[in-house]
Amino acid sequence: MNDKASVSKELNAKHAKLLEGLLKLPENKECADCRGRAPRWASINLGIFICLQCSGIHRSLGVHISKVRSTTLDTWLPEQVAFMQCVGNEKSNNYWEAELPASADRSDIGRFIRTKYQDKKWASKYASQPAPSNMIVETSEIGGKADIPRKARKYSLEEDVFSEQPPQVPTTTRSRGVSFDTMDEILNLPPKNGLISAPSVKHKEDTKDLFSLLYASEAKQDRTIVPPSRWATFE
């Protein structure tokens, strides 16, 4: 079964809206090759947007180098749209034009494109080519919403930004400060009025109780009965 046949009209319309949004980005407003304004074509394996003239040259390179699609006329698969979101003209040219001199001639655009993509004359010697095989681009299902990485969904028009929950601000509990009186006790500071409190004195009741205990003990000793001597009992 053809993958394009499984793309519904609703999903195709959504893809067209996404592509339209990508074309409005500053880095995609010009053709990736000739710098012409308002490109309406794309190379789905290079991840670039190109003009009508450059699209014809890309077709002549062969599908093993460039696969051309119209952003308005052709049916797009979710993974193709996701890849275009991941790359774009700026990121692609950072690789393909890494060694391009500032005085490079673009007047012969056909020769320029072949030298750029076929000969890879100005390609970066250190970075890898942006390609679908080098990126994780997955979809949950052909007829459903694409499971596009967050980085790829940066400029997605279907991002439900208003449905996201507001960020939760962690609540902090303010610890109670130590009272000044407690601090004075800890630091052994004198009272604020400058007076040193006298040591506590026992109440009179405590003294009275102690006296009563002593008196009771003494009285008890006085009441001790001494047995009379034998001569005192003799009549």
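Residues numbered from 1 in each chain as written. Predicted model: local features only at pLDDT ≥ 70, side-chain atom pairs only at ≥ 80, totals over all residues. Heavy atoms only, no water.

The name recorded for the protein in an unreviewed UniProt entry is Arf-GAP domain-containing protein, from Anisodus tanguticus.

1. Details of the overall build of the protein
Across its full length, the protein carries seven helices and three strands. For the protein, the α and β elements follow one another from N to C terminus as α-β-β-α-β-α-α-α-α-α. Taking all 235 residues of the protein together, the buried fraction comes to 34%. Taking the intrachain contacts of the protein between residues at least 6 apart in sequence as the baseline, contacts between residues at least 24 apart amount to 63%. Carbon and sulfur atoms make up 54% of the accessible area of the protein, which amounts to about 17300 Å² in all. (Helix = DSSP H or I, 4+ residues; strand = E, 2+ residues; numbered from the N terminus. Buried < 20%, exposed > 50% of the residue type's maximum accessible area, 1.4 Å probe, protein only. Contact = heavy atoms within 4.5 Å. Areas by Shrake-Rupley, 256 points an atom, 1.4 Å probe, with all protein chains shown as cover.)

2. A word on the nonpolar core
In terms of nonpolar packing, the biggest core is built from 21 residues, with Ile 50, Cys 54, Ile 113 and Tyr 117 touching the most fellow members. The set of elements that each furnish at least two residues to this core consists of strand S2 (48–50), helix H2 (52–61), helix H4 (88–96) and helix H5 (109–118). Ranked by the residues each element gives to this core, the list is headed by H5, at four residues. Apart from the residues lying within four places of it in its own chain, the contact partners of Cys 54 are Cys 31, Asp 33, Cys 34, Ile 109 and Ile 113. (Core = buried A, V, L, I, M, F, W, Y, C linked by side-chain atoms within 4.5 Å.)

3. Notes on unusual backbone geometry
In this structure, Arg 35 takes a positive phi of about 70° despite not being glycine. By secondary structure assignment, the location of Arg 35 is in the loop between helix H1 (9–23) and strand S1 (41–43). Judged by relative accessible area, which is 33%, Arg 35 ranks as partly exposed. Backbone geometry places Ala 38, a non-glycine residue, at a positive phi of 55°. By secondary structure assignment, the location of Ala 38 is in the loop between H1 and S1.

4. A closer look at the packing of H1 against helix H3 (residues 78–86)
The relative placement of two packed helices is expressed as an angle between their axes plus a distance between the axes. Between H1 and H3, the least distance of the axes is 11 Å, while the angle of their chain directions is 10°. One way to sum up the angle between H1 and H3 is to call them roughly parallel. Every residue of H3 that contacts H1 at Leu 11, His 15, Leu 18 and Leu 22 is listed here: Pro 78, Val 81, Met 84 and Gln 85. Partitioning the contact of H1 with H3 into residue classes produces six nonpolar, two polar and no charged. (Axes fitted to C-alpha atoms, helices over the stretch in contact; angles between N-to-C directions. Parallel < 35°, antiparallel > 145°, perpendicular 65-115°, else oblique. Nonpolar A, V, L, I, M, F, W, Y, C, P; charged D, E, K, R; others polar.)

5. Some points on the environment of Ile 48
Residue placement: Ile 48 occurs in strand S2. We classify Ile 48 as buried; its relative accessible area is 0%. Between the C-alpha atom of Ile 48 and that of Glu 90, which follows or precedes it by 42 residues, the distance is 8.5 Å. Every residue in contact with Ile 48, bar those within four places of it in the chain, is listed here: Ala 32, Asp 33, Trp 41, Ala 42, Ser 43, His 58, Met 84, Gly 88, Asn 89, Ser 92 and Tyr 117.

6. Topic: the layout of surface pockets
Roughly 200 Å³ of internal volume is contained in the second largest pocket. In this structure, the second largest pocket is lined by Pro 101, Ala 104, Asp 105, Asp 108, Arg 111, Phe 112, Thr 115, Lys 121 and Trp 122. Here the lining of the second largest pocket is composed, by residue class, of four nonpolar, one polar and four charged. (1 Å grid on protein atoms, 1.4 Å probe; cavity = no way out; pocket = protein on both sides within 12 Å on 5 of 7 lines; lining within 4 Å. Points joined across faces, edges and corners; volume = space filled by probe spheres on them.)

7. Description of the packing of H2 against H5
Look at H2 against H5: their axes get within 10 Å of each other, and the N-to-C directions meet at 50°. One finds that H2 runs oblique with respect to H5. Taken as a pair, H2 and H5 cross one another with a handedness that is right-handed. In this structure, H2 contributes Gln 53, Cys 54, Ile 57, His 58 and Leu 61 to the contact, and H5 contributes Ile 109, Gly 110, Ile 113, Arg 114, Tyr 117 and Gln 118. (Left-handed = near helix turned anticlockwise from the far one by under 90°.)

8. Details of the pattern of salt bridges
Across all of its chains, the model carries six salt bridges by this definition. With its nearest N and O atoms 3.6 Å apart, the salt bridge here joins Glu 30 to Arg 37. Taking the relative accessible area as the measure of exposure, Arg 37 reaches 60% and is therefore exposed. Among the charged side chains, a network of salt bridges with common partners joins Asp 33, Arg 35, Glu 97, Arg 106 and Lys 116. (Salt bridge = Lys/Arg side-chain N within 4 Å of Asp/Glu carboxyl O.)

9. Quick look at the side chain of His 58
Looking at the element boundaries, His 58 is found in helix H2. Classification of His 58 by relative accessible area gives buried; the value is 0%.

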